[in-house]
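Descriptive structure summary
In case you want the letters, here they are:
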Amino acid sequence: MQLTRKIGRTHPIFCIPVGRDPDITTLETISAESRGGKIVHSDDAAQFAKYSQNIRTASMLSFAVENDGDDQERVMMSLVCTFPDRVFTEKDQKDILELCSRKSSFLPPDEKEEVGTDTEVLFEEKNPHMPPLGSRVKRGRDWRYENQDNYGPGTVIGHSKMEEWLIVEWDTGSRRPYRFGTTGTPSDKYDVEICCEPRVLFNELIGTGCLVTRGKDWIWGNQDEGAGNIGSVLVFQSSGVVLVRWPHGLIKEYRFGRDGCFDLEIIDPFSPKAMKHLKDQMRKAVSNHIREARSDTTEDFEKPSSFSTKPRVECEKTPNVDLLDSPILPVIKGKYFKNNKALDKSADIEIDGPIFTPAIKQWWWKNGEGKWLPFPKEENKRINKCYERYPKSTVVVSIQNQSYRVVMAKNLVINLTTKNVFQIKLLKHRSSP
């Protein structure tokens, strides 16, 4: 994996599954960590032979080059105007639209993007005003790296040699450097932002970002500053040793399976104690960062400013009390249902309208009363898109100003405000639970 990450920083890696039972998960991970790579199934091999030609075609479209390439209608218009005499099959058009939407993956990487974690000294805190090691982060306002994060959170595992850059290990295992500005000026770039999303394990013993306390074989005195204090795992070694950072800044190795000994035990990431620790960790990181930003700028902060030095933080929103009591996924009349025109159009919620017609691949969630309800149309599309890329991924969906993390591998959806957990399921062929 180290080799594929190094190659993938500058080259796309295309993986073709072969054999009776190929390891799709591993192939998805390898291709996702490269610039522009993807899975190519045997049925698509003939079309893939035209991929380099379609890349060249996409690079010559003026609209796609000058803009973000996400406006499919205008990209197609640019294609017709640029190549009026050429005929493009439906698959060609699909390839070209995909290439235009992912054009940042095919641009030459700048000097900072080429810096790999193999040239960095990991697990060291060089700047006290940057988020401490173990801090949880997710993609930020200036994100430009496609799906390197697999749409999930990660953990800070180092302060880069480059000023204002962090080393992040995503929950998928990928490690990369990202910008996290400290000057307090509008030019600051934030590829990632601090969050308090917990580390969820998928068929793993332990992983980077897990929260731990002293376990049954603890012999290290007061290194954790007292029983019950929580540390963050920075790395797990195959030898059965983990590296942990404690809240007071001490970073030490401990046994977790080595010689049958467990100095640590993992705590439930959704327990009140764990969630409080994550929020405290986040607030401390934000506070330190803001003080540094303010000390580095000459602007008078007593006057109104057109920008904020405060990095975005997801968990600082004040939740609505009513929503906390009833975290319901609402369905607005006319938006997700095909309504009967004879019904009263003044109603806000569809109550007694026609029967809902599920999508071909419809995700459902089970509410507190045991009733299965469908995800809204747009959020269902988002979940399916991530599921097709990696069936064990997670994705955050937003329903009426509330965020929910869908954990596909465990068939769960978590309200990120209330931490309530609901079951989910995927049903195909327009069926209902």
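Just above, that's the structure.
These lines cover the structure that appears in this document, whether it is placed above or below.

Definitions and limits used
Residues numbered from 1 in each chain as written. Predicted model: local features only at pLDDT ≥ 70, side-chain atom pairs only at ≥ 80, totals over all residues. Heavy atoms only, no water. Helix = DSSP H or I, 4+ residues; strand = E, 2+ residues; numbered from the N terminus. Buried < 20%, exposed > 50% of the residue type's maximum accessible area, 1.4 Å probe, protein only. Areas by Shrake-Rupley, 256 points an atom, 1.4 Å probe, with all protein chains shown as cover. Pairing = 2+ DSSP bridges. Axes fitted to C-alpha atoms, helices over the stretch in contact; angles between N-to-C directions. Contact = heavy atoms within 4.5 Å. Phe/Tyr/Trp six-rings, centres within 6.5 Å; stacked < 30°, edge-to-face > 60°. Parallel < 35°, antiparallel > 145°, perpendicular 65-115°, else oblique. Left-handed = near helix turned anticlockwise from the far one by under 90°. Nonpolar A, V, L, I, M, F, W, Y, C, P; charged D, E, K, R; others polar. Polar contact = N/O pair within 3.5 Å; in protein donor to acceptor, adjacent residues only side chain to side chain. 1 Å grid on protein atoms, 1.4 Å probe; cavity = no way out; pocket = protein on both sides within 12 Å on 5 of 7 lines; lining within 4 Å. Points joined across faces, edges and corners; volume = space filled by probe spheres on them.

**Thoughts on the overall build of the chain**
Tallying secondary structure elements over the chain gives 11 helices and 18 strands in all. Here the chain, with 433 residues, has 47% of them falling under the buried criterion. Carbon and sulfur atoms form 51% of the exposed surface of the chain, whose accessible area is close to 23,200 Å².

**Regarding the pairing of strand S16 (residues 402-407)**
Most of S16 is tucked away, with six of its six residues classed as buried. A two-sided burial pattern is seen for S16, the buried positions comprising Gln402, Tyr404 and Val406 on one face and Ser403, Arg405 and Val407 on the other. By the bridge criterion, six bridges tie strand S15 (residues 394-399) to S16 in an arrangement that is antiparallel. Looking across to S16, one finds that Val397 is bridged to Tyr404.

**Observations regarding the sheet that holds strand S4 (residues 154-159)**
Whenever strands of a sheet pair, they do so through backbone hydrogen bonds, lying parallel or antiparallel. Taken in spatial order, the five strands line up as S6-S5-S4-S3-S7 in an open sheet, and their pairing is antiparallel. Here the strands that pair on one side only, and so sit at the sheet edges, are strand S6 (175-179) and strand S7 (192-194). Sheet twist, expressed as the average angle between the axes of neighbouring strands with direction ignored, equals 50 degrees. In this sheet, strand S5 (residues 165-170) lies alongside S4 in antiparallel orientation, the contact comprising five bridges. Along S5, the bridge assignment pairs His159 with Leu166.

**Here we look at the sheet that holds S16**
Strands sit in the order S14-S13-S18-S17-S16-S15 across an open sheet of six strands; the sheet is antiparallel. Each end of this open sheet is capped by a strand with a single partner; those strands are strand S14 (372-374) and S15. Between one strand axis and the next, the sheet turns by 35 degrees as a mean value, whatever way the strands run. Running at roughly 175 degrees to S15, helix H11 (residues 377-389) makes contact with strand S13 (361-366), S15, S16 and strand S18 (421-428) of the sheet.

**Concerning the pairing of strand S8 (residues 211-214)**
Note: S8 against strand S9 (residues 231-237), two bridges, orientation antiparallel. Note that in S9 the partner of Val212 across the bridge is Gly231. The pairing of S8 with strand S12 (residues 264-266) spans three bridges and is antiparallel. Bridge pairing links Arg214 to Leu264 in S12.

**Let's talk about the packing of aromatic side chains**
This structure, assessed with the given rule, holds 17 aromatic pairs. Ring centres of Phe14 and Tyr51 lie 5.3 Å apart, and the angle between their planes is 75 degrees; this geometry places the pair in the edge-to-face category. Pair noted here: Phe14 is in strand S1 (residues 14-15) and Tyr51 is in helix H4 (residues 51-59), with a separation of 37 residues, a long-range link. Measuring from ring centre to ring centre gives 6.2 Å for Trp220 and Tyr254, while their planes differ by 75 degrees; the resulting arrangement is edge-to-face.

**With respect to the packing of H4 against helix H7 (residues 90-101)**
Between H4 and H7, the shortest axis-to-axis distance is 9 Å and the interhelical angle comes to 55 degrees. Here H7 runs oblique to H4, going by the angle between their axes. Note on packing geometry: the crossing formed by H4 with H7 is right-handed. Residues Tyr51, Asn54, Ile55, Thr57 and Ala58 of H4 touch H7, and the partners they reach there are Asp92, Asp95, Ile96, Glu98, Leu99 and Cys100. Per-class residue counts for the contact of H4 with H7 are six nonpolar, two polar and three charged.

**Side note on the side chain of Arg179**
As for its position among the elements, Arg179 is in strand S6. A relative accessible area of 14% places Arg179 in the buried class. Among the polar contacts listed, one links the side chain of Arg179 to the side chain of Asp191, at a separation of 2.6 Å. Filtering out sequence-adjacent residues up to four positions away, Arg179 remains in contact with Asp142, Arg144, Tyr145, Glu164, Trp165, Lys189, Tyr190, Asp191 and Val192.

**Description of empty space enclosed by the protein**
Counted by the stated rule, this structure contains two cavities of 30 Å³ or more. For the second largest cavity, the calculated volume is near 40 Å³. What lines the second largest cavity is simply Glu197, Pro198, Val200, Phe270, Arg405, Ile414 and Leu416. Among the residues making up the lining of the second largest cavity, the classes are represented as five nonpolar, no polar and two charged.

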